[in-house]
Amino acid sequence: MDAIVIKGGKKLRGEVSISGAKNAALPLIASAILTGGRNTIKNVPDLHDVGTMARVLEQLGAEVSGRRTLQIASSSINKFEAPYDLVRTMRASVLVLGPLVARYGRARVSLPGGCAIGARPIDQHLKGLEAMGAKIELNHGYVEASCKRLRGATVVCDISTVTGTMNLMMAASLAKGRSTIENAAREPEVEELARVLNKMGARIYGAGTAVIDIEGVDDLHPVEHAIIPDRIEAGTFMAAAAVTGGNVLIKNCLLEHLEVVIAKMQGAGVEVSADAGGIGVRGGGELRPLDLTTQPYPGFPTDMQAQFMVLAALANGQSVLTETIFENRFMHVPELTRMGADVNVQGRVAIVRGPTRFMGATVMASDLRASAALVLAALVARGTTRVRRVYHLDRGYERIELKLRKLGANIRRVKE
Ligand code: EPU
């Protein structure tokens, strides 16, 4: 297993280029199930989760080749099961459920179960598919869905769910008649999927708003598409620049996806400027405490909460971070505490008292964004930090140590 070793204290300087969005890549790969022929997806981030999704499709019989440009030939799909061993390593595997049942009338997908950040049920995915006429059974830990042809339906989601909205949008694209998803997730990755489905010949209106209308069509054709940049990777590098008091230009990112992150960072006293060349982040001034609450998009992303806790810990005063999306997303707190942070968690609220002088320590990554927070704390810590269980980072950050080293960080990957 790899670990990342960081000697803190370097101010990051220079330019970093953001990779394609993980959470857009995963549904786009699943969407290839909906077409025959060969789909080409470009700007695919080279990540462990992308490899897992490719394996899920291969398991179904599809042919997947390439790395940053993926070719997916799905005509050869002849199996309809996403097995437990893959789904348990990556919950997003459940994204094959909607497309399989829509195109082939059957799917058997392992229930994902809980994970480090919360229980994460998929009841909304199932409720929507049932409303479209799928027969859903739960057998031996698997969801078994079947139907002749899905029919359009109105689905009112009880909760805003990103992958749930994606599954239903893909299913409804090949259903007979019109569907409406109400209380749909508005994340840019949902909009990106709709863009690709529409390129395939789907008729989706309103993606990016809370009400999505879908006019079902009989078939969809393969496409070529380049994925949008990863807003969470961009936000993480912005935070890295801010906490180290550095000066970094974040290139190849979309400003409109980062507005609330930028506003919160500016509120904390970080200089952020943006133009066509990218987003410039300059830290070094005194940091002010933060008050933030995670919300579905366009609110503050839960996927940036852990990284902002490091910023809050460095600020002079008391910050309040409230996590409303996942019930257990403060796994980074005990590890940040071991590095010197003063954080008191009461249920969904974390009170962070700064300023902290982080100290290097051996720490354990528990999930993807928690790991990113540990790396950020390590960049400013006195002494050396060893972040263990780096496979969590590799799920969602492409070569993070190389990108950080190029910005001047003293960071290396070691085998344990
Ligand atoms: N939920 C339900 N029932 C459902 C679906 C969701 O109760 O049927 C609950 C969840 O338990 C959670 C909330 O609704 O409390 C929101 O979950 P959502 O379904 O939106 O999350 P997701 O689709 O499983 C995606 C991202 C996550 C990101 C969340 C929230 C992908 C592959 N994953 O997960 O990304 O945190 O949306 O924005 O798109 C990450 O990249 O580190 C990551 C965890």
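As the structure is a computational prediction, the values presented were derived from the model and not from experiment. (Residues numbered from 1 in each chain as written. Predicted model: local features only at pLDDT ≥ 70, side-chain atom pairs only at ≥ 80, totals over all residues. Heavy atoms only, no water.)

**Looking at the overall build of the chain**
- Looking only at helices and strands, the chain has 14 helices and 24 strands in total.
- In terms of overall dimensions, the chain is globule-like: its C-alpha atoms have a radius of gyration of 21 Å, near the 22 Å expected for 416 residues.
- The dimensions of the chain, computed from C-alpha atoms along their principal axes, are 60 × 45 × 40 Å.
- Here the chain holds 416 residues, and the buried ones make up 57% of them.
- For the chain, the computed accessible surface area is about 16000 Å², with 48% contributed by carbon and sulfur atoms. (Helix = DSSP H or I, 4+ residues; strand = E, 2+ residues; numbered from the N terminus. Rg over C-alpha atoms; globule rule 2.2 N^0.38 Å. Buried < 20%, exposed > 50% of the residue type's maximum accessible area, 1.4 Å probe, protein only. Areas by Shrake-Rupley, 256 points an atom, 1.4 Å probe, with all protein chains shown as cover.)

**Concerning the domain arrangement of the chain**
- Domain assignment breaks the chain into domain 1 (2-18 + 229-415) and domain 2 (22-226).
- A separation of 31 Å is found between the C-alpha centroids of domain 1 and domain 2.
- Facing 22 residues of domain 1, the contacting portion of domain 2 comprises 20 residues.
- On the domain 1 side of the contact with domain 2, Tyr297, Arg395 and Glu398 bury the most area, a combined 33% of that side's loss.
- Taken together, domain 1 and domain 2 are joined by four salt bridges.
- One salt bridge in this structure joins aspartate 49 and arginine 395, with 2.8 Å as the shortest N-O distance.
- Along the contact surface separating domain 1 from domain 2 lie eight residue pairs in polar contact (both at pLDDT 80 or more).
- Within the residue set of the side of domain 1 that touches domain 2, elements represented by two or more residues are helix 12 (368-380) and helix 13 (391-396).
- No other element matches helix 13, which puts three residues into the side of domain 1 that touches domain 2. (Domains from an automatic or database assignment. Contact = heavy atoms within 4.5 Å. Buried area = accessible area lost by both parts, 1.4 Å probe. Salt bridge = Lys/Arg side-chain N within 4 Å of Asp/Glu carboxyl O. Polar contact = N/O pair within 3.5 Å; in protein donor to acceptor, adjacent residues only side chain to side chain.)

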